[in-house]
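What follows is each chain in one-letter form.
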Amino acid sequence: MAAQWSVLLLTCQRGGCVSAFQRELEARRLRGGLGPRPPPLLLAVEDPWARLGSGGATLNALLVAAEHLSARAGCTVVSSDVLREARILILHMGRDFSFDDCGRAFTCLPVEEPGALAEALVCNLDSLLATMTHRLCVGSPPGVWVCSTDMLLTMPSAPGIDWDGFQGVRVIAVPGSQVYARNHGVYLADEQGLVHDIIYKGTEAQIQQCAGPNGTVPLVCGVVFFSSDAAEQLLATHVIPPLDACTYMGLDSGAPPIQLSLFFDIVLCMAGGMMEEDFVKGGGDTRVRSARSVLWTALRAFPLSMACIPDASYDYMTTSASNHIHSLTLLPRSASHLRFCKTAHSHVDVRPSIPSLAHTRFLGVAPGCVAGPRSHVPLYPRQQPSLLEDGSSVTNCLLEGAVRLAAGSVIQHCHLQGPLEIGPGCLLSGLAAGSSPALQGCPLRDIVLQGHHVRLDNLPCRVFTLTGRLDDWQSPADAATYLNVPWAEFFHRTGIQEGDLWDAEMPRRSRCLLSARLFPVLHACEALGLEDVLWLLAPAAVAGERLARWRAAWRMSWQELLPCLDKAAELGARRALFFLQGQRKVRRVLLGRQDSSLLPLIRSAVHEGYHEAVLGTLDDVASTAGDTGIAARALACIADVLGCMARGEGGLRSGPAANREWASAFRHLESGDIASGVQELAAERQKWMSRPALLVRAARHYEGAEQILIRQAVMSSCQFVTVRQVELPPLGHWVQVTCPARLDLSGGWSDTPPITYEHGGAVVDVAVLVDGCRPIGARVRRISELELRLVSLGGTPQSEAAVELVCRELEHLQDYCQPHAPGALLKAAFICTQVVQFPSQKPLRVQLMESFGGGFEVHTWSKLPHGSGLVSRCPGPACAPCRHQQHPGGSGDGITVPGGREGCQHRVPHPRRAAPGAEAHNRRWLAGPGGRACAQHQNREVEGPAAAQGGGAEDLGAHRFYPDPQQSLAAGVHGEDSPGPQPAPGCGEELVCQAALRSAKRRRAGEQCRGVCAGLEAR
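Everything numeric here is computed off the predicted structure, so don't read it as measured data. Sequence positions are assigned chain by chain, starting from 1 and proceeding in written order. Totals for whole chains, interfaces and linings use every residue, but because this is a predicted model, local features are given only for residues with pLDDT of at least 70 and side-chain atom pairs only at 80 or more, for both listing and counting. As a convention, hydrogens and water are excluded, and side-chain values are obtained from all of the structure's heavy atoms.

**Quick word on the overall build of the protein**
Part 1: Each helix is a run of H or I in the DSSP string that is no shorter than four residues. Each strand is a run of E no shorter than two, and both are numbered from the N terminus. In terms of helices and strands, the protein carries 30 helices and 41 strands.
Part 2: Each residue gets one of three labels from its accessible area relative to the maximum for its type: buried under 20%, exposed over 50%, partly exposed in between, using a 1.4 Å probe on protein chains only. Looking at the protein residue by residue over its 1019 residues, the buried ones come to 56%.
Part 3: By definition in these notes, contact holds between two residues if any of their heavy atoms fall within 4.5 Å. At a minimum sequence separation of 6, the contacts of the protein that also span at least 24 residues come to 70%.
Part 4: With an accessible surface of roughly 41,000 Å², the protein has 53% of that area assigned to carbon and sulfur atoms. Residue exposure ignores everything except the shown protein chains as possible cover, and the areas themselves are Shrake-Rupley values with a 1.4 Å probe.

What follows is the structure in structure tokens.
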């Protein structure tokens, strides 16, 4: 259950790139980050004034929401009636943040969400949205929720708030220690939860007065709920001076600005212990006191209650670097819906770029072996020590080579190339690959190093800032530190003087790190880089060489840089880096055959406009992998990209895939020239990307191309099948087999490519008799004519022929992989069992004469109604008595005969015994480019002593298989010569074997084999 919002608003400061934040909200809607039913209205709202305050921002946002709802309702003026049934969420971004250029709301958390529909970075905004939507606000009545984004908030899954008969305004509190409350706000409430006062940074006695029986106090956590009645009254004040100045309408009307607090100007007026005179006089200037008087009149009648949530937690995101690093490296409380991880959305090399001989010996590398600098799979994962210590955090990064990160350090949004050593207590953010040379050999410990996108009068540039973990931004320089040492010591070591940082007329109490012009922005003659701030860490001998260059540069303080930060460029750079590391993930997953779905990343790339980059990566992997299984999966991913680009339009993904425009590429793939085939596919693809219908058709053709490679990968398992001659039965002697029907219980089609590539698959089924008989059968006999006579009978062996087909040339078999071609199933059976070699230079007549001295006549029948969904698998090799097939992992799975889905399968060797071509992706259906081949089969592994020795029966899924055809005949898959045990008369529909639940193993790359089907029915 989740709250269903009517409007979601995100407020930001004036000049805060509101369009960039609107784009972020829309991106979350597209990728499903706002739930299955996202709000109809998503609005990023800019504050009308620079210093509006949280109260003014709330009133302005409420007006904007009401105006949009009124327009949707057909009103010509703003009507408060639209608030009665509306559910509105207002999120305040608040002030600038020292450690993230995009503010606290967009501070990225070290979190991955495996179950998300689309893969994306998780920001504090996303965490708060999930908390509010799925936990805190569930069950609340219509009204307006207001939430700050300047804290990390943790809520239990069931907060337990009682909303029965609720009226007025409710504040949300979390229990905290009295020590923590000294620097924060607390509520003073009675036993009924009615708030009497809000105390901010109170005395020890005042805080003690708020404590509960367990000694904790209810902390103000920045969340307030206004009932629809209270919201209507608050909205009504937007036309009353001086509160009209809080809104954009007041700005457009020429009203002078005013600053109001949500808690101390709006909420506090409803506290039970507050008197009107004290409240009004508590305002600053005359206009604020006048605004408080209006608010008292409008809101005083509403009760103010508090809900303190047990097991909830609240961590304000302060300007302390130590606290910020601690919050990103400490696991959240158990009540949180988030799970922090060491590396989130990052590509990290696990070994040094160029290991020394001594190091390689330590890793277990024999002398003379080469360790390449760009391995996608850990070369020696067991011996290699981790480059990232426990207690460190890496988010949205690309770390290449030996980048060592000590415990207690954080890297975000960086592309770094080793070798680098990053000591404890560091925060690195926004550094590009070009910064790596400057960092090599630089002592990094207890420092904050950030790269910023800055725009100066439409001139974009990059600026780097460097501070210490223990530095305080606002403390006067006389009693503060820079780079963790007193300012005096810093001046002495670097040669910098106070006059270089602060104007002479600036009061000494205002001289602080926030106002110090430390950071070079532009230079008249040279380009600036990271080394122009890193020298501030250097010893005195080195620092002297850089001082003149530093003084010649135009420098700015952090205070001066803040208004110039280009938030849109920063968000764009993060997005580009995310998809750059995402491309590495694509290579890592495909080349490493990892059991990891790429579909969430594909969806995100399409939503964000990075599909071309992902397509290029997939093309490269498919053409250079040198492995048909990997190339097939890459082509399946390209089909998914094209399908996502259609955005649910253009028709069904299933359909034909034999357009002549793609034939040349298919021929290259059929011939084994994968690189040329992929290149031609990519060239043809560009012609089919203009509209959804073409995209869907192109996706079908990529799936057809994928099936070609799957077939080649699977057929490589034929080297594990041995064929030897046995005594031929006499001409005209019938060999007959019958089979039970199969009922699929669960998982149907889930083990079929391309589904298995992304999700794995498992099918459970049972075999049954119908009216006491095996309803499906086939029989074969040798004939003197050098031909294949294929006959489909009615419901019984005695029925008249419904379809008869005679094949005298190999060309008559070439449509075996077209599911709807006449006799495709039986043609596939002859080819799959190697009775006929196709393709071959020898004509069919010559093959039949040399190997068998004649041709074959095959009859098949089924009593099952067409389209019933009931299918079966009869052991195809038993129908061909002229050959004996042996397999290292067990015998063939058999042939599905008419009456349901058609198919032909044989066992594939377990990957641990397979050749390089028969890898973990081998259990696939074989199909030609005529359609998306998919049919149902069991995911089963063939291994163990019995299978390896070829003795006894192998119980696989709902069927029992025998290594020897004669054992099959004797065990109930009976023929004329050996009828085997018969079912008791009158059994009806009888369950003849138990469903093998162990066939429902989840697919794991490298630990699962695939079944083979030669060209059968398309979905």
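So that's the structure; there's more coming.
**Brief notes about the packing of helix H20 (residues 599-608) against helix H22 (residues 628-645)**
Part 1: Fitted lines through C-alpha atoms give the axes, limited to the stretch in contact for helices. The angle between two N-to-C directions lies from 0 to 180 degrees. At their nearest, the axes of H20 and H22 sit 9 Å apart, and the two run at 40° to each other. Here H22 runs oblique to H20, going by the angle between their axes. Once H20 is placed against H22, the crossing between them reads as right-handed. Listed contacts from H22 to Leu 599, Ile 602, Arg 603 and Val 606 of H20 are Cys 637, Asp 640, Val 641, Cys 644 and Met 645. Note on terminology: angles under 35 degrees are roughly parallel, angles over 145 are roughly antiparallel, angles of 65 to 115 are roughly perpendicular, and the others are oblique. We call a crossing left-handed when the near helix sits turned anticlockwise from the far one by less than a right angle, and right-handed when that turn is clockwise.

**So, helix H28 (residues 844-852)**
Part 1: Listed in full, the buried residues belonging to H28 are Leu 844, Gln 847, Leu 848 and Phe 852. In a view along the axis of H28, the buried residues occupy a sector of 95°, so they form one face of it. What the arc measures is the spread of directions leading from the helix axis to the C-beta atoms.

**With respect to H20**
Part 1: Counted residue by residue, H20 has eight buried out of 10 residues, so it is predominantly covered.
Part 2: Those residues of H20 not exposed but buried are Leu 599, Pro 600, Leu 601, Ile 602, Ser 604, Ala 605, Val 606 and Glu 608.
Part 3: Following H20 by one or two positions, Gly 609 has its phi on the positive side, about 85°.

**A few points about the nonpolar core**
Part 1: For the purposes of this section, nonpolar cores are sets of buried Ala, Val, Leu, Ile, Met, Phe, Trp, Tyr and Cys residues that join through side-chain atoms within 4.5 Å. Counting residues in each nonpolar core, the largest one holds 104 residues, and the members touching the most others are Phe 106, Trp 145, Ile 172, Val 223 and Leu 635.
Part 2: Top contributing element to this core by residue count: H22, with 13 residues.
Part 3: In this structure Leu 635 touches Ala 622, Leu 669, Val 678, Leu 681, Tyr 702, Ala 705, Glu 706 and Leu 709, once residues within four positions along its chain are discounted.

**Some thoughts on the side chain of Asp 619**
Part 1: With respect to the element layout, Asp 619 can be found in helix H21 (residues 611-624).
Part 2: The buried category is assigned to Asp 619, whose relative accessible area is 11%.
Part 3: Polar contact is defined as a pair of N or O atoms within 3.5 Å, subject to the rule that within protein one atom must be able to donate a hydrogen and the other to accept it, and that residues adjacent in sequence are counted only when both atoms are side-chain atoms. A polar atom in the side chain of Asp 619 sits 2.8 Å from the side chain of Arg 685.
Part 4: Sequence-distant contacts of Asp 619, defined by excluding residues within four places in its chain, comprise Ile 638, Val 678, Ala 682, Arg 685 and Tyr 702.

**Regarding the packing of helix H19 (residues 567-591) against H21**
Part 1: Orientation of H19 relative to H21, taken along the N-to-C sense of each, is 30°, at an axis distance of 10 Å. By the angle between their axes, H19 is roughly parallel relative to H21. Here H19 runs over H21; the crossing is right-handed. The residues of H21 that touch H19, namely those facing Gln 583, Val 586, Arg 587, Leu 590 and Leu 591, are Ala 613, Thr 617, Leu 618, Asp 620 and Val 621.
Part 2: Class assignment of the residues belonging to the contact of H19 with H21 gives a composition of six nonpolar, two polar and two charged. Note on residue categories: nonpolar means Ala, Val, Leu, Ile, Met, Phe, Trp, Tyr, Cys or Pro, charged means Asp, Glu, Lys or Arg, and polar means any other residue, Gly included.

**Some details on the environment of Leu 810**
Part 1: Here Leu 810 shows up in the loop between strand E33 (801-807) and helix H27 (824-832).
Part 2: Note on Leu 810: relative accessible area 8%, which makes it buried.
Part 3: Residues Leu 810 and Val 836 lie 26 residues apart in sequence; the distance between their C-alpha atoms is 8.9 Å.
Part 4: Dropping the residues within four chain positions of it, Leu 810 is found in contact with Val 836, Gln 837, Phe 838, Ser 840, Lys 842, Pro 843, Leu 844 and Gln 847.

**Brief notes about the pattern of salt bridges**
Part 1: Here a salt bridge means any side-chain nitrogen of Lys or Arg lying within 4 Å of a carboxyl oxygen belonging to Asp or Glu. Summed over the entire model, instances satisfying the criterion amount to 44 salt bridges.
Part 2: Two residues, Glu 608 and Arg 23, come together in a salt bridge whose shortest N-O distance is 3.1 Å. Of this pair, Glu 608 sits in helix H20 while Arg 23 sits in helix H1 (residues 18-30), and the two are 585 residues apart along the sequence.
Part 3: Glu 608 gets classed as buried once you look at its relative accessible area, which sits at 12%.
Part 4: Of the charged contacts in the structure, one is a salt bridge between Lys 687 and Glu 684, with a shortest N-O distance of 3.4 Å.
Part 5: The buried category is assigned to Glu 684, whose relative accessible area is 8%.

**Here we look at the sheet that holds strand E13 (residues 347-348)**
Part 1: Between any two strands, pairing holds if DSSP finds at least two bridges. Strands sit in the order E13-E15-E18 across an open sheet of three strands; the sheet is parallel. Edge positions in the open sheet fall to E13 and strand E18 (415-417), since each of these has one partner strand only.
Part 2: Where E13 lies against strand E15 (residues 398-400), two bridges are found, and the strand directions are parallel. Bridge pairing in E15 links His 347 to Leu 398.
Part 3: Lying over the sheet, H19 contacts E13, E15 and E18, oriented at roughly 60° with respect to E15.

**Regarding the confidence of the model for the protein**
The predicted coordinates ought not to be read in detail in places where the model reports low pLDDT.
Part 1: Per-residue confidence from the prediction method is given by pLDDT, with values spanning 0 to 100. For the protein, per-residue confidence averages 82 on the pLDDT scale, and 80% of positions sit at 70 or higher.
Part 2: Residue range residues 352-384 is modelled with pLDDT below 50. Its contacts to residues more than four positions away, or to other chains, number 37 contacts.
Part 3: A low-confidence stretch, residues 873-1019 stays under pLDDT 50, and its non-local contacts, those more than four residues away or across chains, total 450 contacts.

**With respect to the environment of Phe 106**
Part 1: Within the element layout of this structure, Phe 106 appears in the loop between strand E3 (87-92) and helix H3 (124-136).
Part 2: Since its relative accessible area comes to 1%, Phe 106 is described here as buried.
Part 3: Spatially, the C-alpha atoms of Phe 106 and Asn 124 are 5.9 Å apart, while their sequence positions differ by 18 residues.
Part 4: Among residues more than four places away in sequence, those in contact with Phe 106 are Leu 10, Phe 21, Glu 24, Arg 28, Met 93, Asp 100, Cys 123, Leu 125, Leu 571 and Arg 574.

**Focus: the sheet that holds strand E20 (residues 427-429)**
Part 1: In space, the six strands of this open sheet follow the order E12-E14-E17-E20-E21-E22, with mixed pairing throughout. The outermost strands of the open sheet, each flanked by one partner alone, are strand E12 (343-344) and strand E22 (459-468).
Part 2: Sheet topology places strand E14 (residues 393-395) next to strand E17 (residues 410-412); three bridges connect them, and they run parallel. Of the residues in E17, the one forming a bridge with Thr 395 is Gln 412.
Part 3: Its contacts with the sheet place helix H11 (residues 321-329) against E14, E17, E20 and strand E21 (447-456), and it is angled at close to 80° to E17.

**Let's talk about unusual backbone geometry**
Backbone phi values are negative for most residues with the exception of glycine, while trans is the configuration of most peptide bonds.
Part 1: Cis geometry marks the peptide bond from Pro 241 to Pro 242, where omega comes out at 0°.
Part 2: Along the polypeptide, Pro 242 turns up in the loop between helix H6 (228-236) and helix H7 (248-252).
Part 3: For the peptide bond that leads from Phe 838 to Pro 839, omega is -5°, which places it in the cis range.
Part 4: Take Pro 839: it is sitting in the loop between H27 and H28.
Part 5: For Arg 647, which is not glycine, the phi torsion reads 55° and is therefore positive.

**Remarks on the packing of aromatic side chains**
Two numbers describe a pair of aromatic rings. These are the distance of the centres and the angle of the planes.
Part 1: Pairing of aromatic side chains here covers Phe, Tyr and the six-membered ring of Trp, requires ring centres within 6.5 Å, and sorts the geometry by plane angle: under 30 degrees stacked, over 60 edge-to-face, intermediate tilted. Scanning all chains against the criterion turns up 25 aromatic pairs.
Part 2: When the ring of Trp 145 is compared with that of Phe 225, the centres are 4.9 Å apart and the planes differ by 45°; the resulting orientation is tilted. In this pair, Trp 145 sits in strand E4 (residues 143-148) while Phe 225 sits in strand E9 (residues 217-227), placing the two residues 80 residues apart along the sequence.
Part 3: Using a relative accessible area of 1% as the deciding quantity, one classes Trp 145 as buried.
Part 4: Ring geometry for Tyr 816 and Phe 838: centres 5.8 Å apart, planes at 80°, overall edge-to-face.

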